[in-house]
Amino acid sequence: MKHGEGVGPAGPPSECNIPAVGGDRCFAGTVTGVVLVGGGSNRMGANKALLPFGRERLLDRVVARVREAFPRVILVSNDSASYNYLGLPVIRDIYPGRGPLSGIHAALSAVATPYIFVVACDMPFIDPKLALYLARQAPGYDVVVVRDGPYLEPLFAVYGRGCLEPVESILRRGLRARVVDFFPAVRVKYIERGELSDFADVDKVFMNINTPRDLERALQFLE
Ligand SMILES: Nc1nc2c(ncn2[C@@H]2O[C@H](COP(=O)(O)OP(=O)(O)OP(=O)(O)O)[C@@H](O)[C@H]2O)c(=O)[nH]1
């Protein structure tokens, strides 16, 4: 798929006959689920997306959960051949080698929906209901992100089209930037982590896997 070509129609699907998650599948049609798979997995020493996690691969598990929330899902990676087996659109970074912000930029450039829900491929316990909950807060904001004191969860967050220009302006400057670096330039809705206790175990939900030790620990939480 070429960049800027669009992924799916711009608005909600005209017929909402897809089984509901939390009763708002039509709303979910305004959001494209985006799984970032463009990292180097250097700390893991092997492509972490394709590592076995229980009975499935880590990536397959994350994709299945994002699909429960949003009807359209894409991957962002510079190695489409490794992920074609999923049958999902795989788009490439426009600014390769710049980290997750580059993946967010590529996704915002490619989709036609007003919002994207972005998740890292290394978060095996994400909760589709929580993803939808964040997405529902998006109207009127450019970013919806969970905050825990000074810590943010930018790789389980919602981004609107208004992010594209500020993100692009950072990437054009040529440095590898943190995802949160453009937040001062946009309207950010912070969701306090403490308010999420209605959802599954929040400690588990945001767990991510970087090293073989992280993998070992996460597998202990697998039910
Ligand atoms: N599209 C895209 N995704 C990226 C890029 N860098 C990291 N990611 C993704 O962002 C998420 C978090 O990545 P990290 O764990 O910080 O980085 P990583 O490169 O995968 O791992 P390390 O090499 O160990 O730092 C993962 O889903 C990565 O696949 C990138 O340059 N482009």
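Because the structure is predicted, anything quoted here is derived from the model rather than measured. (Residues numbered from 1 in each chain as written. Predicted model: local features only at pLDDT ≥ 70, side-chain atom pairs only at ≥ 80, totals over all residues. Heavy atoms only, no water.)

Q: Before we move on, could you go through the overall build of the chain and cite the residues and values that matter?
A: Check the secondary structure of the chain and you find 8 helices and 10 strands. Counting over 223 residues, the chain shows a buried share of 50%. A fraction of 72% describes how many contacts in the chain between residues 6 or more apart in sequence connect residues 24 or more apart. Surface exposure of the chain reaches about 10500 Å², of which carbon and sulfur atoms provide 49%. (Helix = DSSP H or I, 4+ residues; strand = E, 2+ residues; numbered from the N terminus. Buried < 20%, exposed > 50% of the residue type's maximum accessible area, 1.4 Å probe, protein only. Contact = heavy atoms within 4.5 Å. Areas by Shrake-Rupley, 256 points an atom, 1.4 Å probe, with all protein chains shown as cover.)

Q: Describe the pattern of salt bridges, listing the residues and the values that go with them.
A: Side-chain pairs of opposite charge can arise whenever the charged atoms involved come near each other. Going through the model one piece at a time under the given rule, you end up with 11 salt bridges. Across the salt bridge formed by Arg187 and Asp142, the nearest N and O atoms sit 3.1 Å from each other. One end of the pair, Arg187, is in the loop between helix 6 (164-172) and strand 10 (188-192); the other, Asp142, is in the loop between helix 5 (128-136) and strand 7 (143-148), and 45 residues separate them in sequence. A relative accessible area of 11% places Asp142 in the buried class. For Asp148, the salt bridge identified is with Arg193, shortest N-O distance 3.8 Å. Of this pair, Asp148 sits in strand 7 while Arg193 sits in the loop between strand 10 and helix 7 (202-205), and the two are 45 residues apart along the sequence. Assessed through its relative accessible area of 39%, Asp148 is described here as partly exposed. The structure contains a network of salt bridges with shared partners spanning Asp148, Glu153, Arg193 and Asp203. (Salt bridge = Lys/Arg side-chain N within 4 Å of Asp/Glu carboxyl O.)

Q: Can you break down the UniProt feature "binding site: GTP" (unreviewed entry) in the chain residue by residue, with the values?
A: Within this numbering scheme, the UniProt entry marks Leu36, Val37, Gly38, Lys48, Asp93 and Asp122 as carrying the feature "binding site: GTP" (unreviewed entry). In this fold, Lys48 is placed in the loop between strand 1 (31-36) and strand 2 (52-53). When near neighbours in sequence (up to four residues on either side) are disregarded, Lys48 contacts Ser41, Leu58, Asp122, Ile209 and Asn210. For Asp93, a relative accessible area of 10% translates into the label buried. (UniProt positions renumbered as here; feature names shortened; annotations may be inferred.)

Q: Talk me through the site of the ligand; I want residue IDs and the actual numbers.
A: Near the ligand lie 20 residues; those nearest to it are Leu36, Gly40, Asn42, Lys48 and Asp93. Separating a nitrogen atom of the ligand from a backbone N or O atom of Gly38 is a distance of 3.1 Å. In this structure, an oxygen atom belonging to the ligand sits 2.9 Å away from a main-chain N or O atom of Arg43. Relative to its free-state accessible area of 620 Å², the ligand is covered by the protein chains to the extent of 89%. Along the lines of polarity and charge, the residues of the shell around the ligand split into 7 nonpolar, 8 polar and 5 charged. (Near = heavy atom within 4 Å. Polar contact = N/O pair within 3.5 Å; in protein donor to acceptor, adjacent residues only side chain to side chain. Nonpolar A, V, L, I, M, F, W, Y, C, P; charged D, E, K, R; others polar.)

Q: Kindly report on the confidence of the model for the chain, identifying the contributing residues and their values.
A: Summarising the model, the chain shows a mean pLDDT of 89, and 88% of its residues fall at 70 or more. Contacts of residues 1-23 to residues separated by more than four positions or lying in other chains number 44 contacts, the stretch itself having pLDDT below 50. (pLDDT = per-residue confidence, 0-100.)

Q: Describe the packing of aromatic side chains, naming the residues involved and giving the relevant values.
A: Tallied over the full model, the rule gives 7 aromatic pairs. Between Phe53 and Phe125 the ring centres are 5.8 Å apart and the planes differ by 70°, which places this aromatic pair in the edge-to-face class. Of this pair, Phe53 sits in strand 2 while Phe125 is found in the loop between strand 6 (115-120) and helix 5, placing the two residues 72 residues apart along the sequence. The exposure classification of Phe53 matches that of Phe125, with both residues buried. With 6.1 Å between their ring centres and 40° between their planes, Tyr159 and Phe182 make a pair best called tilted. (Phe/Tyr/Trp six-rings, centres within 6.5 Å; stacked < 30°, edge-to-face > 60°.)

Q: Any details on the packing of helix 4 (residues 100-110) against helix 6? Residues and values, ideally.
A: The packing of two helices is summarised by the inter-axis angle and the distance between the axes. At a minimum axis separation of 10 Å, helix 4 and helix 6 run at an interaxial angle of 135°. Put simply, helix 4 runs oblique to helix 6. Taken as a pair, helix 4 and helix 6 cross one another with a handedness that is left-handed. Where helix 4 approaches helix 6, its residues Leu101, Ser102, His105, Leu108 and Ser109 are matched on the opposing element by Leu164, Val167, Glu168, Ile170 and Leu171. For the contact of helix 4 with helix 6, the class distribution of residues is 6 nonpolar, 3 polar and 1 charged. (Axes fitted to C-alpha atoms, helices over the stretch in contact; angles between N-to-C directions. Parallel < 35°, antiparallel > 145°, perpendicular 65-115°, else oblique. Left-handed = near helix turned anticlockwise from the far one by under 90°.)

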